[in-house]
Amino acid sequence: MTNKGKNRVAVIGAGPAGMMAAITSARCGADVTVFERNPFAGKKLRITGKGRCNVTNDCAPREVLEAVKRNPKFLYSAVYRFTPADTMSFFEEAGVPLKTERGHRVFPESDKAYDIQQAMVREMTEAGVKTRYKTRIDRVYNDGRSWVLCCGEKKYAADAVVLATGGVSYPGTGSTGDGFAMLKRLGMRITELRPSLVPVNTEEKVGELSGLTLKNVTLSVLYGKKCVFRELGEMLFTHTGVSGPLVLSASANMQDHPVSEYAMRVNLKPGMSREELEARVVKDLSKYSAKDFVNSLSDLLPQKLIQYVVGMTGIDPRKKSRDVSKAERIRLCDLLSALPFTPSSFGSLDEAVITRGGVEVDQINPKSMEAISWPGLFVCGEMLDTDAYTGGFNLQIAFSTGRLAGESAAGFAERENTKEPEEERKVDFSKIRVAIDGPSGAGKSTIAKLVAAETGLIYVDTGSLYRAVGLYMARQGTDAYDEETIVASLKDVDIKLEYSEGKQHVILNGECVDGLIRTEEVSYYASAVSKIPRVREFLMNLQKSLGDAGGVIMDGRDIGTVIIPDAEVKIFLVADAEERARRRYAEQIEKGLDVTYEEVLQSIIARDQQDSSRDVAPLKPADDAVTLINNRTIEDAVNFVIGLMKEKAGE
Ligand code: DC
């Protein structure tokens, strides 16, 4: 057994998620280094919660998930593994007494975010974490043996990497989205980044109200007739609009349409019924009957707001209170219970407390925070496309995902270092070439991947080559059926396949496009370009050279007939249409698509028909292929293929 003796974990970004990941990894025994572009750790943490730092929300894990606006299910494992109670113990054990305020919000007793930040830095030091401040990592890649982190010309190696560079809010603190650029270079998909939990600018000129805080008011947000948000709490006025906890929370619910299509209403007197409110207004107006209208509302409204509300009623402020008519009273009551504000825009990313959007979560394993296509790379914190309401939930998510990423990274690094040196395989498959073809949905890629994992063969996904060509054409805006233009542009297309840790990466003109080729649009293009003979020819050499190397399992059209006609093992994998439809239907329902089983079945039957009748590369088994019916368990099929391989390898 070889043991390099140091399980190196690199954490990029020393915010709450990164620091938690680093502390956890180090406590698990890893050799941890944190890279941070700022001169110290936790810069943004110091200013959160107006410098008070709302560390978590003292609630059950289930309630944390309920407060998550986007992708709550993804966070299930992380939050249950490291709960708000765990966060509280963590800080209390680190010497920071905590207190709980309204809405279960938890703060340091001292009201100083500084104490939280210092505690995390102390815990890092105690756990033996090394820090490299003022070091801006701009690129990470895997050289096949380890991860390499680049900072300009400088390079650092690690067995596992945790990316925790945060979102793009408060850019002054260093949150500029560095990590997103690194992930994009690895072909990962990032959703559009937008401010969430931001102040809202209004059409109404509210400058004179700026600084005024309203407590115990109800804010409602309407989209047309639909109420998309209603909560009781605190809000405040800025020079250009509204802000404060209620507005920040509301902003997370105003993301589905242009912001100007929403309407805001503030009930200044939510404790009173309409009758009570009218009675109260009558009472106040008679109490001050000899005064000007504008001077009779001081029992009802804060001084700063009176002029504004009176202005909105259209009633002459100098009118005597006793002369205010019933209709005017009703207008006043309408405004007191629903003072309207018209959103014009969101505050900028500079003002956003958190970012909405980020790494699309279907690319991350929720049980470990590891990138599915990049073993040894972990992502946590605000980089993930999840976000929650205010109240300490977002920091809790940073801690939970940081904790899980740190633990998983340490485990990964250790496994890397205690791996058996190239396990002695009883059978040598290094010369074996396996070709799998068969109708769409029969399970070719599933079986090929499993066989590869068990036997050490390299799985070559040839469909991804057609997809890469499709992506290029889609990006160029070429019509998918404009054969002439497609053929003419092939000269500008350079595709390579790279392999690391048994995973395939598709490089299109130097850019890794793994994540980009799995969209509906690209599927459509891939299907169209794969019918063009010149495109097939163009991809043939690359496929042949991969096949010639041996030790491969390739799936897709033509493999057993054209690409490696002398493959040692050739499988024609079929499953009856009903079986395939059941699998595809289950997959689509899991993805949340709205389809019926019957629709899926019909589309499979239609595609079979089209595939077997097309002129170019029709679906047909090689003469010497073994037909395998994949109607039983996947293991049966995998074992069957491995059995054939063993026979050939033993010859
Ligand atoms: O397996 P897939 O869906 O990723 O394949 C993408 C497209 O390319 C699909 O329309 C079938 C086509 N294809 C092909 O014609 N020949 C191959 N060897 C692999 C895929």
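Located above this text is the structure these notes cover.
On a predicted model such as this, the values are computed, not experimentally measured, just so you know.

Thresholds applied
- Residues numbered from 1 in each chain as written.
- Predicted model: local features only at pLDDT ≥ 70, side-chain atom pairs only at ≥ 80, totals over all residues.
- Heavy atoms only, no water.
- Helix = DSSP H or I, 4+ residues; strand = E, 2+ residues; numbered from the N terminus.
- Buried < 20%, exposed > 50% of the residue type's maximum accessible area, 1.4 Å probe, protein only.
- Contact = heavy atoms within 4.5 Å.
- Areas by Shrake-Rupley, 256 points an atom, 1.4 Å probe, with all protein chains shown as cover.
- Lys, Arg positive; Asp, Glu negative; His and termini not counted.
- Charge placed at Lys NZ, Arg CZ, Asp CG, Glu CD.
- Near = heavy atom within 4 Å.
- Polar contact = N/O pair within 3.5 Å; in protein donor to acceptor, adjacent residues only side chain to side chain.
- Nonpolar A, V, L, I, M, F, W, Y, C, P; charged D, E, K, R; others polar.
- Phe/Tyr/Trp six-rings, centres within 6.5 Å; stacked < 30°, edge-to-face > 60°.
- Lys NZ or Arg CZ within 6 Å of the ring centre and 35° of its normal.
- 1 Å grid on protein atoms, 1.4 Å probe; cavity = no way out; pocket = protein on both sides within 12 Å on 5 of 7 lines; lining within 4 Å.
- Points joined across faces, edges and corners; volume = space filled by probe spheres on them.
- Pairing = 2+ DSSP bridges.
- Axes fitted to C-alpha atoms, helices over the stretch in contact; angles between N-to-C directions.
- Left-handed = near helix turned anticlockwise from the far one by under 90°.
- Core = buried A, V, L, I, M, F, W, Y, C linked by side-chain atoms within 4.5 Å.

Draft legend 1. Geometry of the overall build of the chain. When helices and strands are tallied, the chain shows 21 helices and 32 strands. Reported as C-alpha extents along the three principal axes, the dimensions of the chain are approximately 110 × 60 × 45 Å. Evaluated residue by residue, the chain yields a buried proportion of 53% over its 651 residues. Residue pairs in contact within the chain that sit at least 24 positions apart in sequence constitute 73% of those at least 6 positions apart. As displayed, the chain offers around 29500 Å² of accessible surface, 49% of which is attributable to carbon and sulfur atoms. A gap of 6 Å separates the mean positions of the 86 positive and 91 negative side-chain charges of the chain.

Draft legend 2. Quick peek at the site of the ligand. The ligand sits among Thr 462, Gly 463, Tyr 466, Arg 467, Arg 518, Ala 526, Ser 527, Ser 530, Arg 536, Gly 556, Arg 557 and Arg 614. Within the side chain of Arg 467, a nitrogen or oxygen atom sits 2.5 Å from an oxygen atom of the ligand. The contact in question runs from a nitrogen atom of the ligand to an N or O atom on the backbone of Arg 557, over 2.9 Å. Contact with the protein chains covers 82% of the free accessible surface of the ligand, which is 450 Å². If you list the elements that add at least two residues to the shell around the ligand, you get helix H14 (463–476) and helix H16 (520–529). A total of 3 residues in the shell around the ligand trace back to one element, the largest contributor, which is H14. Looking at the shell around the ligand residue by residue, the class counts come to 2 nonpolar, 5 polar and 5 charged.

Draft legend 3. Highlighting the environment of Asn 630. Within the secondary structure, Asn 630 is located in the loop between strand E32 (626–629) and helix H21 (634–650). Here the alpha-carbon distance between Asn 630 and Ala 575, two residues 55 residues apart in the chain, equals 4.9 Å. The contacts of Asn 630, once residues within four sequence positions are left out, are Ala 442, Gly 443, Ile 447, Leu 573, Val 574, Ala 575, Glu 579, Arg 583 and Ala 637.

Draft legend 4. Focus on the side chain of Asn 253. For Asn 253, the location among the structural elements is in the loop between helix H8 (245–251) and strand E17 (262–267). The exposure class assigned to Asn 253 is buried, which follows from its relative accessible area of 13%. Looking at Asn 253, its side chain comes within polar contact range of the main-chain oxygen of Ser 249, at 3.2 Å. Leave out the neighbours within four places in its chain, and Asn 253 touches Lys 69, Val 228, Phe 229, Tyr 262 and Tyr 389.

Draft legend 5. Broad picture of the packing of aromatic side chains. Following the criterion strictly, the structure yields 12 aromatic pairs and no others. Ring centres 5.7 Å apart and planes at 55 degrees place the aromatic pair Phe 237 and Phe 341 in the tilted group. Within this pair, whereas Phe 237 is found in strand E15 (residues 226–237), its partner Phe 341 is found in strand E18 (residues 339–341), the two being separated by 104 residues in sequence. You'll find Phe 237 and Phe 341 in the same group, each marked buried. Counting every residue linked through ring pairs, the aromatic cluster contains Phe 90, Phe 91 and Phe 399. Of note, Arg 52 hangs over the ring of Phe 107, and the distance from its end group to the ring centre comes to 3.8 Å.

Draft legend 6. Region of interest: empty space enclosed by the protein. Taken as a whole, this structure holds 2 cavities of 30 Å³ or more when the rule is applied. By volume, the largest cavity is sized at about 70 Å³. Around the largest cavity sit 14 residues that line it, and Asp 437, Gly 560, Thr 561, Ile 571 and Ala 622 are the ones nearest its centre. For the lining of the largest cavity, the secondary-structure elements that each account for two or more residues are strand E25 (433–437), helix H18 (559–563) and strand E31 (569–574).

Draft legend 7. Spatial organisation of the side chain of Asp 558. By the secondary structure assignment, Asp 558 is in the loop between strand E30 (552–555) and H18. What makes Asp 558 buried here is its relative accessible area of 14%. Side-chain polar atoms of Asp 558 contact the side chain of Arg 536, separated by 3.1 Å. Once residues within four sequence positions are removed from consideration, Asp 558 is found in contact with Asp 437, Arg 536, Ile 563 and Ala 617.

Draft legend 8. Structural view of the sheet that holds strand E8 (residues 139–142). Reading across from one edge, E8-E9-E10 is the order of the 3 strands in this open sheet, with antiparallel pairing throughout. If you trace the sheet from one side to the other, it starts and ends with E8 and strand E10 (154–158), each paired once. Each adjacent strand pair in this sheet contributes to an overall mean axis angle of 25 degrees, direction not counted. Bridging between E8 and strand E9 (residues 147–151) involves 4 bridges; their strand directions are antiparallel. Across the sheet, residue Tyr 141 finds its bridge partner in E9, namely Val 148.

Draft legend 9. Structural detail: the pairing of strand E28 (residues 503–508). Of all 6 residues in E28, 5 are buried, a share of seventy percent or more. Once strand E27 (residues 495–500) ends, the chain turns through 2 residues before running back antiparallel as E28, passing Glu 501 with a positive phi of about 50 degrees. Bridge count for E28 against strand E29 (residues 511–512) is 2 bridges, and the pairing is antiparallel. The residue bridging Leu 508 from the neighbouring strand is Glu 511, located in E29. Two successive antiparallel strands, E28 and E29, enclose a turn made up of 2 residues, where Asn 509 displays a positive phi of approximately 45 degrees.

Draft legend 10. Focus on the packing of helix H1 (residues 16–27) against helix H12 (residues 393–417). Close contact between H1 and H12 brings their axes to 7 Å; oriented N to C, the two are set at 35 degrees. Where H1 crosses over H12, the two elements pack in a sense that is right-handed. Within the contact between the two elements, H1 uses Pro 16, Ala 17, Met 20, Ala 21, Thr 24, Ser 25 and Arg 27 and H12 uses Leu 395, Ala 398, Phe 399, Gly 402, Arg 403, Gly 406, Glu 407, Ala 409 and Ala 410. Taken together, the residues of the contact of H1 with H12 break down into 9 nonpolar, 4 polar and 3 charged.

Draft legend 11. Structural detail: unusual backbone geometry. For His 104, which is not a glycine, the phi torsion comes out positive at approximately 60 degrees. Within the secondary structure, His 104 sits in the loop between strand E5 (98–100) and strand E6 (105–108). The phi dihedral of Asp 111 is positive, around 60 degrees, even though this residue is not glycine. Residue position: Asp 111 is located in the loop between E6 and helix H6 (113–127).

Draft legend 12. View of the sheet that holds strand E19 (residues 343–346). What the 7 strands build is an open sheet, ordered E18-E17-E14-E15-E16-E13-E19; its pairing is antiparallel. Two strands bound the open sheet, and with one partner strand each, they are E18 and E19. Averaged over all neighbouring strand pairs, the angle between strand axes comes to 40 degrees, with direction disregarded. The pairing of E15 with strand E16 (residues 241–243) spans 2 bridges and is antiparallel. Residue pairing for E16: Phe 237 is matched across the bridge by Val 242. This element, helix H11 (residues 326–337), spans E17 and E18 of the sheet and lies at about 105 degrees to E17.

Draft legend 13. Here's a closer look at the nonpolar core. One finds Phe 91, Leu 149 and Leu 183 to be the most contacted residues of the largest nonpolar core, which totals 88 residues. Among the elements that take part in this core, H12 stands out by supplying 11 residues, more than any other. Residues contacting Phe 91, with those up to four places away along its chain left out, are Val 55, Val 96, Leu 98, Ile 116, Ala 119, Met 120 and Phe 399. Membership of the second largest hydrophobic core comes to 44 residues, among which are Val 259, Met 264, Val 281 and Cys 333.

Everything listed here is a matter of geometry and, on its own, says nothing about what the molecule does.
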